[in-house]
Amino acid sequence: MLNKTTVLFVCLIECVFILTVRNNEVVSQQKEELFKQLFKLRRLEQLEAVKKMRALPEGKQHKMIQTVTKTIFDVILKSREVLESSGFTPGVSDFPESETVRDALSLVLENTALIGEMVLRLPEVVEPVLRSTSEWPVLLTWSLAFVNQTQLLDTSTTKLVYLVGQELNLTNRDPDYVNPYKYAKQKVSVKADPEKEPIKKKKKTEIPRGPRLTLPQSGDL
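Let me sum up the structure you'll find in this document.

Definitions and cut-offs
- Residues numbered from 1 in each chain as written.
- Predicted model: local features only at pLDDT ≥ 70, side-chain atom pairs only at ≥ 80, totals over all residues.
- Heavy atoms only, no water.
- Salt bridge = Lys/Arg side-chain N within 4 Å of Asp/Glu carboxyl O.
- Helix = DSSP H or I, 4+ residues; strand = E, 2+ residues; numbered from the N terminus.
- Buried < 20%, exposed > 50% of the residue type's maximum accessible area, 1.4 Å probe, protein only.
- Axes fitted to C-alpha atoms, helices over the stretch in contact; angles between N-to-C directions.
- Parallel < 35°, antiparallel > 145°, perpendicular 65-115°, else oblique.
- Left-handed = near helix turned anticlockwise from the far one by under 90°.
- Contact = heavy atoms within 4.5 Å.
- Nonpolar A, V, L, I, M, F, W, Y, C, P; charged D, E, K, R; others polar.
- Expected span 1.5 Å × (residues − 1).
- Patch = residues over 30% accessible without salt bridge, like charges linked within 9 Å, V, L, I, M, F, W, Y side chains within 5 Å.
- Areas by Shrake-Rupley, 256 points an atom, 1.4 Å probe, with all protein chains shown as cover.

## Overview of the pattern of salt bridges
Argument step 1. The tally for this structure, following the rule as stated, stands at seven salt bridges.
Argument step 2. In this structure, the salt-bridge partner of Glu84 is Arg80, at a minimum N-O distance of 3.0 Å. Residue Glu84 and its partner Arg80 are both found in helix α2 (residues 58-86); the two are separated by four residues, about one turn of the helix.
Argument step 3. Through salt bridges with shared partners, one network takes in Arg42, Glu45 and Glu110.

Written as structure tokens, this is what we have:
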């Protein structure tokens, strides 16, 4: 039969173990939250970079997209190897403690989001480049599914992943699917079409009405 000292010692060991586990859980949650916040900041930087890419002249833009796309898939492939060798399973495994695995996870998320922004905002240029190498659509299909299962994405990135899959026909398209960025671009192009000649108005016969006050007209906005 155990004496009181032994029982007390066992209880203390159990308490220390429980506190250690809880402390580790808190630290892990804090790291995960910081990871999510940093990812949001990276997304803002990416959006600005893609907007600048859209403003480039056609030749420079195409060359830039080829270079960036190759770099993106090289990074995703290497990061995938690290994640798979570590045994990390998105949506199942705990947030990784290993810095190497966390870095690989971050690189997959960031680069998948970046190529997604490029696909949606520059579809006419990016899609042919993407399909020029047979491995890239396959790797993108994997990365889209992977990041969607991590439960680390914010709402806007989740929507991005959903739209990219449909834009590239990697998933079944909704009957009413439309690329919002492509539609907005077409709308602007139609609005600013310089080839359309203005409709000439018939000159009205002016009837003399005598002198009147003329109000100053405001300038164009």
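So, next bit.
## Some thoughts on helix α4 (residues 123-130)
Argument step 1. Burial runs high along α4: six of the eight residues are buried.
Argument step 2. For α4, the complete set of buried residues consists of Pro123, Val125, Val126, Glu127, Val129 and Leu130.

## Let's talk about the packing of α2 against α4
Argument step 1. Two elements in contact, α2 and α4, have axes separated by 10 Å at closest approach and are oriented at 50°. Comparing the axis directions of α2 and α4 gives the class oblique. Between α2 and α4 lies a crossing of right-handed hand. Mapping the contact onto sequence places Gln61, His62, Ile65, Gln66, Thr69 and Phe73 in α2 and Val125, Val126, Val129 and Leu130 in α4.
Argument step 2. Partitioned by chemical class, the residues of the contact of α2 with α4 number six nonpolar, four polar and no charged.

## Topic: the environment of Val92
Argument step 1. Along the polypeptide, Val92 turns up in the loop between α2 and α3 (99-121).
Argument step 2. A relative accessible area of 64% places Val92 in the exposed class.
Argument step 3. Taking the C-alpha atoms as reference points, Val92 and Thr150, separated by 58 residues in sequence, lie 8.2 Å from one another.

## Some words on α2
Argument step 1. When the terminal C-alpha atoms of α2 are compared, their 42 Å separation across 29 residues agrees well with the 42 Å that a helix rising 1.5 Å per residue should span.
Argument step 2. Along α2, the positions that sit buried rather than exposed are Gln61, Ile65, Val68, Thr69, Ile72, Phe73, Ile76, Ser79 and Leu83.
Argument step 3. Backbone geometry just downstream of α2 places Gly87 in the positive-phi region, at approximately 85°.

## Examining a nonpolar patch on the surface
Argument step 1. A cluster of nonpolar side chains, Leu34, Leu38, Leu41 and Leu44, forms an exposed patch at the surface whose accessible area comes to about 410 Å².
Argument step 2. Residue placement: Leu44 occurs in helix α1 (residues 4-54).
Argument step 3. A relative accessible area of 56% means that Leu44 is categorised as exposed.

Don't take any of this as a statement about function, it's just geometry.
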